[in-house]
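Chain by chain, the residues:
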Number of protein chains: 2
Amino acid sequence: MTAVSPLAPARFPDLPQLAGVRLAGHACGIRYSGRTDLLVVEVAPGTVAAGVFTRSLTRSAPVLWCQAGVAKGGGARLLVVNSGNANAFTGSVGAASVRRTVDKAAEVLGCRPEEVYVASTGTIGVPLPDEKITAELQAALAKLRPDAWDEAARAIMTTDTFPKGASRTAMIAGTPVTINGIAKGAGMIAPDMATMLSYVFTDAALPQSVLQALLSKGVERSFNCITVDGDTSTSDTLMLFATGRAGNAAIERADDPRLRDFKAKLDDLLTDLAQQVVKDGEGATKFVEIVVKGAMSFRAARRIGLAIGNSPLVKTAIAGEDANWGRIVMAVGKAGEKADRDRLAIRIGGVLVAAEGQMAPGYDEAPVNAHMKGRDIRIEVDIGLGRGCATVWTCDLTHAYIDINGAYRT
Amino acid sequence: MTAVSPLAPARFPDLPQLAGVRLAGHACGIRYSGRTDLLVVEVAPGTVAAGVFTRSLTRSAPVLWCQAGVAKGGGARLLVVNSGNANAFTGSVGAASVRRTVDKAAEVLGCRPEEVYVASTGTIGVPLPDEKITAELQAALAKLRPDAWDEAARAIMTTDTFPKGASRTAMIAGTPVTINGIAKGAGMIAPDMATMLSYVFTDAALPQSVLQALLSKGVERSFNCITVDGDTSTSDTLMLFATGRAGNAAIERADDPRLRDFKAKLDDLLTDLAQQVVKDGEGATKFVEIVVKGAMSFRAARRIGLAIGNSPLVKTAIAGEDANWGRIVMAVGKAGEKADRDRLAIRIGGVLVAAEGQMAPGYDEAPVNAHMKGRDIRIEVDIGLGRGCATVWTCDLTHAYIDINGAYRT
C-alpha cells in the first residue's frame, strides 16, 4: 500500500451507534490472506433501502442484483460487501456467484434472499471465489457489533489510503434522527456515479419512495460533482438504508416541509463523503474546488466544472503548482456548453486573473502562485451568461497516480 | 526540451517540391531568442484554401480570422504561423495583433490582407508581441525556398520532439499531382480537432468547395480519431491549400469519380500525419491502435474507441505493460453508446481475451503480456451489435506527461 494521502483527515470521525444497525469486518482471503476484505451489515426487520447505481452499460452482477432489489421495494436485512474482486464482466458465472452468496446469507441470517444486498469491488473480469465468502458468513455475522463503523469503512477499502465516514444528526418533526455513512473510492471516480461504494444508514422512519427521492436528489450536487480521473466504474453503488427505529412521525412525501432539516443534513453528509473520496484520489496531493457560476443552468455549470476538473492539462498544472489559467479557458471551451470567451472571468485563490476575454488589468501573479503552493486550491469561473451554478471537486494528477494504476493488477 | 519520442520515425520523410509553394522558417524571438519560431509559406496567385478548425467556444483570434477567410472563398497567398504564444484568450488585443500582422504581411508581399492566413501556438492568455513578427516578415520572406519542408515542420514545433511531415502522389484524370503536409501536435490532442496545427498543400487544381468537402470528410477518420489527453486546444487548425499548378482537368464536384485516387491519398496522408501527432504524444512510450467494430454506427464506434483511448486507467495500464482488459470493459461501459456486456469481445495483440461477458475460455495471458511489452499495442473490441467500425489511435500515459505539463509555463 502507498502512504496515507496528504489530504486525509486527521482521524476517522466518531460515528455514533445507530438503532437497528450492526456491522462487522472479516478476513476471507478473497485476494490476499489475512486482510479484512468482507463487510457485513445487519439491519433490523422493517428496514427499507434506496439506491443510486452506476450508469455503466457493463455494470456488474452485484449492481444488477441490488438494482432489482431496490426496484422491488427495497426491503433489507443484510448487506454483504467484499473487496479484492469486483465480480464484474464475469457473465453468467458472476450472476451465479451473487445467487449463491445471497442464498447462503439468507439461510444463515434467516431472511429472504431478496433482503440481502451485495457488492464487490476490486479487479474486473476475474470470477469471484464466492465459496470463500459463503464459508465465512457465519463467522462474520457472529462478530456483528453496533459500534464497528471504523472497521466497516476499512473493510471496503481497495486502493484507498484512509477509511471514509461521516455522521450527522437531524430533526424530523421534533424527533432526533441520526445519519451515518461510509464510503470507498480512490480511482475510477467520475460522475454517474462518482464513488465506487458508499453506504448510508439512518434510524429515521421514512417510506422507500421518499428515501429514493432524497437520495437521487442528494447525489446530484455531491457524488455527481466529483471526479478523479473521469473513469466510471462498473460497480458504483450508493445505498441509503432506513431502519425506522427513531420512531419519528410518519412522513409520506419527499416534499414534506418537516424533512427540510433531514434533507440538508443528508446532503451535507453526502458532500462530506464525496469530498473524502476526492481527497483520497489516487496520487492526490491537492484538493481542488471548482466553482462555476453564470452558466445557463446547474447542469451546464456542472458540465463546465467537470470539463475543468477532468482536464489532464489542468490537473498536471495544479500538480506543478502552476497557475496556468489558459488551460482553464481551454477546458471551458471544450465543455460543449454555451460560453462567450469575452464574458468569461476566472479567479484563482480569490484573485481575479482573467476577465472579458483577456488577462485582468494589473494582474499580480505573486498571491496566486502562493495559493497554488497550498493543499486546497480554489478556482472560480464566471461564465457571465446565466444563473446556473455548481461546485465540483477534484484533485491534481501526479506521478503517484501513474505508479498506482500502472501496477494495480500485478 | 525532452528527448525525442521513442515512437518517432527514423527521419523526416522526403517531401518533394510542390509547384506554387515556397516556405521559410525564421527566428523572431517571440518567446525564446535564437529559436526558429516563425513559419511563412507563400502560395502562388490563384491558390484556394479550405479549413477545419477547433470547435472550442474559446477559440483564438487567429482561428476566427482563418475561419472568416475560408468562409469568404479561401483565396490565399500567404500563411504566417508563429510558435511560443497562442494569441488565445487575448480578447480585443489579440484580434488587433492579427490585424496588424496580416496588414503588414499583405503590404510586404503585395496582396490583400484577406489572402493572409495566420496561426499562433503556445501559451494561452499572454498578448502576442506581434511587433516581433511584423519587424521580421521582410527578412523571413526573403528566405522563401521551395524545398524547406523540414525547416517548415520544425518552425511550428512547441513541445513536439520531432518534426512531422508526409507526402503522397495521386492521379487526377491522368495528371499526377502531389500532396505535402506538415503538422505539429504533442499535447492538447483530442477530437474536434485533434492536432493543434496541420497544413496540407497540393498542386492539384480544385475548386474550394471540393477541397472543403474532401478535407471535412478526410478529417473524420484521421485527425478526429486520435487522442492524447482528451483536451481540445483553442487554436486547432487544419488547412488544405491547392495551388492548381498541376494543370489537371477541371473538376466541379467532390463526388466526381476521377477524384477517387486523390481522396484515398489525401485520407492516407491525413491519417499518417495524425498518427505522427500521437506518436509524439507528451511522454508517450507506446503507440496504441484501438479498433472498434460491431457498433451501431461509425460515430458510435469512434466514441467507444475514444472512451477507451481517453481513459487514464487504460492508458496507465498500458504504460505499466499490464493487459488489464477489465478497464477496457469499464471504458466501453461509460462511453454512452449502445453496448451489451454479454456480447462484447476483446482482443489484445490479436489474442481473444474476453468474450460473451467473461474471460475467454482457455485464455493464456503469456502472449498478451509479451505483446504489452512492445511499442505498438493493438486493442480490438467487438461490440457485437451492428456494423459500425472505427479505428482510434492514442498513446500511453506516463510520468513524462506529468513532467512536461506540470512545468510547461515555468
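Keep in mind that this is a model prediction, so the values were computed, not measured. (Residues numbered from 1 in each chain as written. Chains lettered and ligands numbered in written order. Predicted model: local features only at pLDDT ≥ 70, side-chain atom pairs only at ≥ 80, totals over all residues.)

1. A few points about the overall build of chain A
Along chain A, the regular secondary structure elements total 12 helices and 15 strands. Within the span of chain A, comprising 410 residues, buried residues form 60% of the whole. Within chain A, counting contacts between residues at least 6 apart in sequence, those at least 24 apart form 81% of the total. (Helix = DSSP H or I, 4+ residues; strand = E, 2+ residues; numbered from the N terminus. Buried ≥ 20, exposed ≤ 12 C-beta atoms within 10 Å, placed from the backbone. Contact = placed C-beta atoms within 7 Å.)

2. Regarding the sheet that holds strand β1 (residues 21-26) of chain B
Residues and elements named next belong to chain B. Read from one edge of the open sheet, four strands run β1-β2-β4-β5, paired in mixed fashion. For this open sheet the edge positions go to β1 and β5 (116-123), each flanked by a neighbour on one side alone. Between one strand axis and the next, the sheet turns by 10 degrees as a mean value, whatever way the strands run. Where β1 lies against strand β2 (residues 38-43), six bridges are found, and the strand directions are antiparallel. The partner of Gly25 across the bridge, within β2, is Leu39. In the packing of helix α3 (residues 130-142) onto the sheet, the strands contacted are β1, β2 and β4 (78-85), and the crossing angle to β2 comes to about 55 degrees. (Pairing = 2+ DSSP bridges. Axes fitted to C-alpha atoms, helices over the stretch in contact; angles between N-to-C directions.)

3. Here's the deal with the packing of helix α6 (residues 208-220) of chain A against helix α7 (residues 260-279) of chain A
Residues and elements named next belong to chain A. Their axes nearest at 9 Å, the elements α6 and α7 cross at an angle of 50 degrees. Classified by the angle their axes make, α6 and α7 are oblique. By crossing handedness, the relation of α6 to α7 is classed as right-handed. On α7, the residues that touch Leu214, Gly218 and Val219 of α6 are Lys263, Leu266, Asp267 and Leu270. Split by residue class, the contact of α6 with α7 holds four nonpolar, one polar and two charged. (Parallel < 35°, antiparallel > 145°, perpendicular 65-115°, else oblique. Left-handed = near helix turned anticlockwise from the far one by under 90°. Nonpolar A, V, L, I, M, F, W, Y, C, P; charged D, E, K, R; others polar.)

4. Concerning the sheet that holds strand β12 (residues 351-355) of chain B
By definition, the strands of a sheet pair up through backbone hydrogen bonds, in either a parallel or an antiparallel sense. Residues and elements named next belong to chain B. Reading across the sheet, the six strands line up as β13-β12-β11-β14-β10-β15 and stay open at both edges, with mixed pairing between neighbours. Whereas interior strands pair on both sides, the edge strands pair on one side only; in this sheet they are β13 (358-359) and β15 (388-395). Against the sheet, helix α10 (residues 365-372) contacts β11 (345-348), β12 and β14 (376-382), and its axis sits at roughly 115 degrees relative to β12.

5. Observations regarding unusual backbone geometry
The backbone phi angle of Asn87 of chain A is positive, close to 45 degrees, even though this residue is not glycine. Turning to its location among the elements, Asn87 of chain A is positioned in the loop between β4 (78-85) and α2 (91-109).

6. Remarks on helix α2 (residues 91-109) of chain B
All names here are of chain B. If you check α2, its first and last C-alpha atoms are 28 Å apart, about what 19 residues at 1.5 Å a residue would give, namely 27 Å. For α2, every residue scored as buried is listed here: Gly94, Ser97, Val98, Thr101, Val102, Lys104 and Ala105. Along α2, the residues classed as buried sweep out an arc of 165 degrees about the axis, all on the same side. In the core, the buried residues of α2 are packed alongside α1 (61-71), β4, β5 and α3. Looking at the residues trailing α2, positive phi occurs at Gly110, about 85 degrees. (Expected span 1.5 Å × (residues − 1). Arc of directions from axis to C-beta.)

7. Describing the domain arrangement of chain A
Residues and elements named next belong to chain A. Taken as a whole, chain A is organised into domain 1 (21-277) and domain 2 (287-406). Each of domain 1 and domain 2 has a C-alpha centre, and the two are 33 Å apart. Across the side of domain 1 that touches domain 2, the residue classes tally to five nonpolar, five polar and no charged. (Domains from an automatic or database assignment.)

8. Details of the environment of Thr123 of chain B
Mapped onto the fold, Thr123 of chain B is located in strand β5. C-alpha separation for the pair Thr123 of chain B and Leu23 of chain B, spaced 100 residues apart in sequence, amounts to 24 Å.

9. Describing the environment of Ala317 of chain B
Residue and element names in this part refer to chain B. Relative to the elements of secondary structure, Ala317 occurs in helix α8 (residues 312-319). Accessibility expressed as a C-beta count within 10 Å gives 26 for Ala317, which makes it buried. Between the C-alpha atoms of Ala317 and Phe201, which are 116 residues apart in sequence, the distance is 39 Å.

10. Remarks on the confidence of the model for chain A
All names here are of chain A. When pLDDT is averaged along chain A, the result is 90; 94% of the residues meet or exceed 70. Looking over chain A, one finds the lowest element-wise mean pLDDT in helix α12 (residues 399-406), namely 75, and the highest in strand β2 (residues 38-43), namely 98. With a pTM of 0.80, the predicted complex shows an ipTM of 0.70. (pLDDT = per-residue confidence, 0-100.)

11. Considerations on the pairing of strand β10 (residues 287-295) of chain B
Residue and element names in this part refer to chain B. Note that β10 and β14 share seven bridges and pair parallel. Along β14, the bridge assignment pairs Val288 with Ile377. Pairing of β10 with β15 involves seven bridges; the strand directions are antiparallel. In the sheet register, Val291 faces β15, and the bridge partner there is Thr391.

12. Remarks on the nonpolar core
In this structure, Ile304, Ile328 and Val332 of chain A together with Ile304, Ile328 and Val332 of chain B are the most contacted members of the largest nonpolar core, which totals 263 residues. If we skip the residues at most four places from it in the chain, Ile304 of chain B touches Val292, Ala295, Val332, Ala335, Glu337, Val381 and Ile383 of chain B. (Core = buried A, V, L, I, M, F, W, Y, C linked by C-beta atoms within 7 Å.)

13. Thoughts on the environment of Ser33 of chain B
With respect to the helices, strands and loops of the structure, Ser33 of chain B is situated in the loop between β1 and β2. Along the backbone, Ser33 of chain B and Lys72 of chain B are 39 residues apart, and their C-alpha atoms lie at a distance of 36 Å.

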